[in-house]
Each structure stands twice: as structure tokens, then as C-alpha cells.
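Here is what each chain is made of, one letter per residue.
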Amino acid sequence: MTSDSTAAAETTTVRGLTRPVTIYGGLAALLLVSVLVSLCAGRFSVGPERALAILWQGVLHPGLVPSAIDERVVLLVRAPRVLLAAVAGAGLAVAGTGLQGVFRNPLVSPDILGISQGAAFGGALAITLGIWGLPLIGMVFLLGLVALVSVGFLARINGRTETVTVILAGLVVGSMFTALVSLLQFIADPESSLPAIVFWLMGSFSTATWQRVLIAAPGLLAGTALLWALRFRLNLLSLDEAEARSLGVRTERERWLVFAVVATIVGSQVAVSGIISWIGIVIPHAARLLVGHDHRVLLPSAVLLGAAFMVVIDTLARSASSAEIPLGVITALVGAPVFALLLRRHYRERKEQ
Amino acid sequence: MGGRGMVRRVVSGCAVALLMAGGAGAQQIDIKDQAGRDVKLDGPARRVVTIPMPMASGVIALDGGTGRLVGMNPLSLTAIREGILGKIFPAAAKITDSVTGTNFMPNVEALAAANPDLVIQWGGRGNDIVDPITNAGLNALLIQYGTEELTRQYMTMVATAIGRPERIGPLVEWRDRVEKEIETKTAKLPASDRPSVLYLGNALSSITASGDKGNYNAFYIDMVGARNASADLSGTVTINKEQIAQWNPDFILLNAFEPQLDVSWVYNDPILSLTKAAQNHRVYKVPLGGYRWDPPNQESPLSWMWLADLVHPELFDFDLRAEMKSAYETLYNYQLSDADIDGILWMDKQGSAAGYDRFKAK
């Protein structure tokens, strides 16, 4: 991995920016197309031309309150949902990329490390205590961070952090928080707060509104921007500990910085759409296959790819049948096989080294 | 219905047998339940636990009191507390609900503590929720959800099991009479005269609707001369608002299960408020009487009449308030006040809805 990332960094500098630019262009086009298709697709039939015309009107006059039903469907139901899916997908992908860099481990992601579950518990706890609004979001962030810190401490044995211990610690912490959410469900009032709690465990964008976009976007965008700002650091952090230190990185402090950013991103996502698994592991790998290990190109690619992928998956979930298909079903069907492949390859490579 | 002219009738196809045992006149009761199991009781059940939600109020109605009911589903208890039954029978609100989870899984210890001689449970939902009852040596009577026929059968079984067979005849006759009365007027309605009705079993956290198969709501939507807007679904599934806009139903019925749900949920929604139902003020929350009127229960004919009056005011002219007063007298020996009826029909929240005028107190 060490030699890989340096090599990747060298190729990009040597060849200049042509290759990443082509790839960015392709990915951006992919995102744009998936967003447009998604805005035209849905259970309510609106012709693509009409949908795009409505969208154009909405862009030209953003303050206008739509009155016709097809306008409302496109501008008040689909647009916020597509946007939320895009920023959440981007956030999860970039958070996964960051975590994999910091842990020097390709098998970690926000849900595998239990951060999503911790965040979900924060939300459920807030509802049980009768807390809503911004303090609720605060609890979501905080518990997400608590989960991540717990994994960090659990996995660190004699000053070393092994891949296996990280994954197992994530499993432990994730299960713990899932159990705590179930416990809250158990003691919750079955008719009023229970449905609200169930929401946290079942990832879905079906409740998307512009208000939710406003709740999630600041954390997701700021977090993504911060990780981008840390791209050089991430490259160094993914080096060997001693090597990184010798290059003047204060590894401990910067690792915590990345953790806080990741918790912010995941908290924002979980607060509006519940736990969404697998995106944080599948997308970083797909992006790495495309552009290599250098975080300077990897992060933007993961953002674009994650957003496009999430939009496509959610479009399928909401428009393939009269019934909403649970998001987790589709992401797991795609994600689990990819994870299995990675797991095998990771250990084969380690054996060969 | 009223107290007069009720014909006691034996329901055809009902597998209930009453056997008189010899000796001191002790009555042994043999019932074949809806899972085809033989249930034997040494005499009328005196302590009954009901796990299916509508059965708690069902037992109260069949018995005419709360004396035999010793345990129920937590969601039966909330219906009693929120609805009129808690007012009619204050003692019912104190009956334990710890005998089962809302998922119908019995709590054996709590069940044993309630010491029932009969436990009513859902059949057709697997043995996992039945075995704990029988393993504890308790008598389980399994009933099945779905059709009107099944409902009449299991109500008859339960009346027999608690030794009140004389009370079921009039109730079945009433169901039969109202059903026929409605059907004679709607049976020949062409599809074009059947407005679409969407019933939402959940609305607040996720929205669910159901197809036709095994769906009691679809049964009476069809009976009153309408069609189920969500007929193309299979089973009960989560849907989105876009799908509702696409169906664009003429009527929307909101469930009585979610206390915080009322018609403003539709009228304040940017999408749903543009459906035909909302535009014509035809959005109604299903009433909560002695039980929630959505699933089959002892008051079902009232829910049919309520919906028939709303869907086809030109065909039906049921005097719902009078029918309710008469039914509550028979079922619970209770005189409904006008305020009680207003509460059951959610007059304060939906009194201004289309067609609700005729339900107003005169």
C-alpha cells in the first residue's frame, strides 16, 4: 500500500492532470445524467420534457411556490430527494475513503465501524428524551463520534492497531448501539415515538424535504470540504506510522481531526436518512480502481461516484415498483459481494508480501 | 338494529359444536378453531386473555362486560383508553397488557400469572406465537384475520367458549342484514360509478397501503360500491406520496391506529392536498368506537354504514347516529350521548368534510 500510494502520486504529477480531468469529466457527466434521469423518473407520470421544463422554471424562479401537481412532484418531492441522496452518497463515500486512509485498512467504512449505528442511537435517544431539532442533530454527531472513539480504543492493543481488531471492534460497537436502539424501541410508546425510532435503523430517503436538505447539507458539505483540505495529510497518514512521523505529521492529532470530520459527515447523513450501509466501502474502492490511491484525486472521484451511485440506487428504490424497495436491500446486494472480494484480495496480497 | 325483531340464526359453515356433558349439568365445550385444532373446555371460560388486537373489545361486547377479560394486547388497551370503551367500562383500563408484545409474542410468565382458562391468539402466523401458550399448558383458541366469513365464525366460537352463545345470534344477523342491504344497492354498479378509495394503514413514519387479497378494508370498500385504489399492490407495503398522486384517489381513509394522525396530515401536504380526495374534502380518519373501525370487529356494520353514506350519499341514507345508539345499547348496554358520538366520528377534526353534515347531531 505504501509503495502504491507514492507511485500513484508520482504518476499523477508526472503525467500532469490529463487523466484525472478526463475521469472527473466522465464522473461528473455520470452524476449529471443520473440526477436528470432520476428527476424524470418516478411513480407519478411526468414526461421527461415536462419534468425538465419544470426543473428549468424552478431554477429560474427559485422562490416561486409551485401550484400544479406535476410541478410539486418534481420540485418538492423529487428534487430534494435526489439532492439529499446525492449529498448523502457523496458524504458516505468520502467518509469511507478518509477512514480507510487513516486506518490504513481498505475494509473499514462508517457502518462497519459502528459510527452509523452510534449516530442512529443518538437520534433515537433524543426522540425518547423528547428532544427535537438542532439538539437532536447534536446528539447524532456526538454519539457517532463516541462510537468511532470506542472502536479506536478497543482496536488498539499494545499500541498497535490490526485490521482484524478494527473490524471486530467495529462489529462490537455497532452491535452494541444497534442493541441500544432496539432497547429504546422496546421501552418506547408503541404508537407515538416507536415509528420515529424505527426510522433510524432503516435507511431511506422517502421522507426527504427541502428542510431536511438544509439540515444535512451544511455538515455534509463542510465535512467533505474539510477532508479535501486534509488530502495531503491523508496521503501521509496512510503511510506507515514511523514514516509519517518522520515526515513531520503529528499523527495522533490529525487522526482525531479526520475522525471528527467523519463523525460530522455520517451524523448529518444518518440524521436525515437513517443508517445506509455499504456505500462507504464500495465507492472508495471503485474510485481507487479508477484513479489510484492518491487522496488528492481519490477524494473528488469518490464524491462524484458516491453521489451518482446513491442517486441511481434511490431512483430504483422509489420507482421500480408501486412499493418502495428498502434501500438497504439494494445496497447490500451490491455491497456484500464487493466486500467479500476485497476481503479475499486483501489477505491474498498480505500473504504474498 | 334495536332490540326488536332479531332473529337468532345458526351460521352456516361454522364449525362450532356444543356438547352437553352428563352429571351435574357441567357443560363441556368443544370447539374446532380456525387452525383446525380441537379446543376443549370444561365449562364456559371465565378468565380470557386476548392477543389479537380487536378481540379484547370483542370479548367485552360478546360478554356484555369486562368480567372475563384478564389480559390483552397493549394496542387493545390503548384503543380502550383513547376510545369510548374506557368510559363505558372504566375497569377495562386496568386490565393487564403485559401478556403479549404488540408483535403477538406471548409473555409466558405474565400469561401464567393472569391464570387464564382460554387464550385467544392469531392463527396462520406461524407456531412461534402459539407454542409458548400450549407449552405452558394453557388452552389456545386460534382465529384468522381476513374475511367477513372468518370474522363471524370466530366471533361465534368465542361467544360459545365464554358461555354466551345467546349473544352472538343477533350480532351475526345484524352483520348479515346490513351487508345484504348495502350489497343490493351496489352489486350492479358499473365500474365507472365506483369511486376509488385509498386506505392508509400507516401514514406518519412510513406510508403503507394494501392490495385486495386478504384485506378486510378492501372487502368493505368494494361492498359500499367503491374500488380499492391500491388494488395493484400485493400484500401490505410501503408506498410514497408520488404513488398516491399517481393513483389520485377520490377518497382517502386514514387509519385509527395512529393517535397523532388526522386529516390535516393530508391537507397540509403539498402533494396529497392536490389529490381529488383532498380537493373535494373527501379525506376521513376512520372512527374509533368500541374498537378502531378499520379491522373487523363487533361494530363493523357501523363502519360499513359510515363509509356507504360517505361514498354513495345518493344511494344510502343510514341514520348513523341512531344506528350507533342502538348498537351500543345491544353491545355494551350503554346509552351513547351526542358528545360521545361526536368524539367517535372525530367531528371536531373532520366535521367540515364532504358528506359529514348528515352525521351531525340534529
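Structure report, in brief. (Residues numbered from 1 in each chain as written. Chains lettered and ligands numbered in written order. Predicted model: local features only at pLDDT ≥ 70, side-chain atom pairs only at ≥ 80, totals over all residues. Heavy atoms only, no water.)

Structural notes on the packing of helix α3 (residues 48-60) of chain A against helix α4 (residues 69-102) of chain A
Residue and element names in this part refer to chain A.
Moving on, step 1. Taken N-terminus to C-terminus, the directions of α3 and α4 make an angle of 70°; their axes are 9 Å apart at the nearest point. Looking at the two axes, α3 sits roughly perpendicular to α4. Remark: the crossing between α3 and α4 carries right-handed chirality. Every residue of α4 that contacts α3 at Arg-50, Ala-51, Ile-54, Leu-55 and Gly-58 is listed here: Asp-70, Glu-71, Val-74 and Leu-75.
Moving on, step 2. Of the residues assigned to the contact of α3 with α4, the class counts are 5 nonpolar, 1 polar and 3 charged. (Axes fitted to C-alpha atoms, helices over the stretch in contact; angles between N-to-C directions. Helix = DSSP H or I, 4+ residues; strand = E, 2+ residues; numbered from the N terminus. Parallel < 35°, antiparallel > 145°, perpendicular 65-115°, else oblique. Left-handed = near helix turned anticlockwise from the far one by under 90°. Contact = heavy atoms within 4.5 Å. Nonpolar A, V, L, I, M, F, W, Y, C, P; charged D, E, K, R; others polar.)

Re helix α5 (residues 115-128) of chain A
Residue and element names in this part refer to chain A.
Moving on, step 1. If you check α5, its first and last C-alpha atoms are 20 Å apart, about what 14 residues at 1.5 Å a residue would give, namely 20 Å.
Moving on, step 2. Among the 14 residues that make up α5, 12 are buried, leaving the element largely enclosed by the rest of the structure.
Moving on, step 3. Turning to α5, its buried residues number three or more, namely Ile-115, Ser-116, Gln-117, Gly-118, Ala-119, Ala-120, Phe-121, Gly-122, Gly-123, Ala-124, Ala-126 and Ile-127. (Expected span 1.5 Å × (residues − 1). Buried < 20%, exposed > 50% of the residue type's maximum accessible area, 1.4 Å probe, protein only.)

What about the interface of chain B and chain A?
Moving on, step 1. Listed by partner, the interface residues are 24 residues for chain B and 24 residues for chain A.
Moving on, step 2. In this assembly, chain B packs against chain A so that about 1,900 Å² is buried in total across both faces, 57% of it on carbon and sulfur atoms.
Moving on, step 3. Ranking the residues of chain B by area buried against chain A places Glu-242, Ile-271 and Leu-274 of chain B at the top, with a combined share of 31%.
Moving on, step 4. Close ionic contact of Glu-242 of chain B with Arg-78 of chain A constitutes a salt bridge, the shortest N to O distance being 2.7 Å.
Moving on, step 5. The interface formed by chain B and chain A holds 9 residue pairs in polar contact (both at pLDDT 80 or more) in total.
Moving on, step 6. Looking at the side of chain B that touches chain A, the elements that each hand over two or more residues are α2 (74-82), β11 (236-239) and α9 (241-247) of chain B.
Moving on, step 7. Top element by residues in the side of chain B that touches chain A is α9 of chain B. It accounts for 5 residues.
Moving on, step 8. When grouped by side-chain class, the residues that make up the side of chain B that touches chain A number 11 nonpolar, 9 polar and 4 charged. (Buried area = accessible area lost by both parts, 1.4 Å probe. Salt bridge = Lys/Arg side-chain N within 4 Å of Asp/Glu carboxyl O. Polar contact = N/O pair within 3.5 Å; in protein donor to acceptor, adjacent residues only side chain to side chain.)

Looking at the environment of Asn-240 of chain B
Moving on, step 1. Relative to the helices and strands, Asn-240 of chain B resides in the loop between β11 and α9.
Moving on, step 2. Spatially, the C-alpha atom of Asn-240 of chain B lies 8.4 Å from that of Thr-208 of chain B, the residues being 32 residues apart in sequence.
Moving on, step 3. Aside from chain neighbours lying at most four places away, what touches Asn-240 of chain B is Arg-43, Arg-81, Arg-318 and Glu-324 of chain A.
Moving on, step 4. Separated by 2.7 Å, the side chains of Asn-240 of chain B and Glu-324 of chain A make a polar contact.

Regarding the environment of Pro-44 of chain B
Residues and elements named next belong to chain B.
Moving on, step 1. The residue Pro-44 is located in the loop between β3 (38-41) and β4 (48-50) in this model.
Moving on, step 2. Residue classification places Pro-44 among the partly exposed positions, given a relative accessible area of 23%.
Moving on, step 3. Taking the C-alpha atoms as reference points, Pro-44 and Thr-160, 116 residues apart in sequence, are found 7.6 Å from one another.
Moving on, step 4. Ignoring anything within four residues of it in the chain, the contact list for Pro-44 reads Gln-27, Ile-29, Arg-68, Ala-161, Ile-162 and Gly-163.

Focus: helix α13 (residues 320-332) of chain B
Residues and elements named next belong to chain B.
Moving on, step 1. Taking 1.5 Å per residue, 13 residues should reach 18 Å; α13 reaches 17 Å between its end C-alpha atoms and fits that length.
Moving on, step 2. Listed in full, the buried residues belonging to α13 are Leu-320, Arg-321, Met-324, Ser-326, Ala-327, Tyr-328, Leu-331 and Tyr-332.
Moving on, step 3. Of the residues one or two after α13, Asn-333 is the one with positive phi, at around 55°.

Focus on the pattern of salt bridges
Moving on, step 1. A full pass over the atoms with the stated rule returns 31 salt bridges over all chains.
Moving on, step 2. Look at the salt bridges and you will find they share partners, linking Glu-148, Arg-152, Arg-175, Asp-176, Glu-179 and Lys-180 of chain B into a network.

By themselves, these are just geometric observations and shouldn't be taken as functional.
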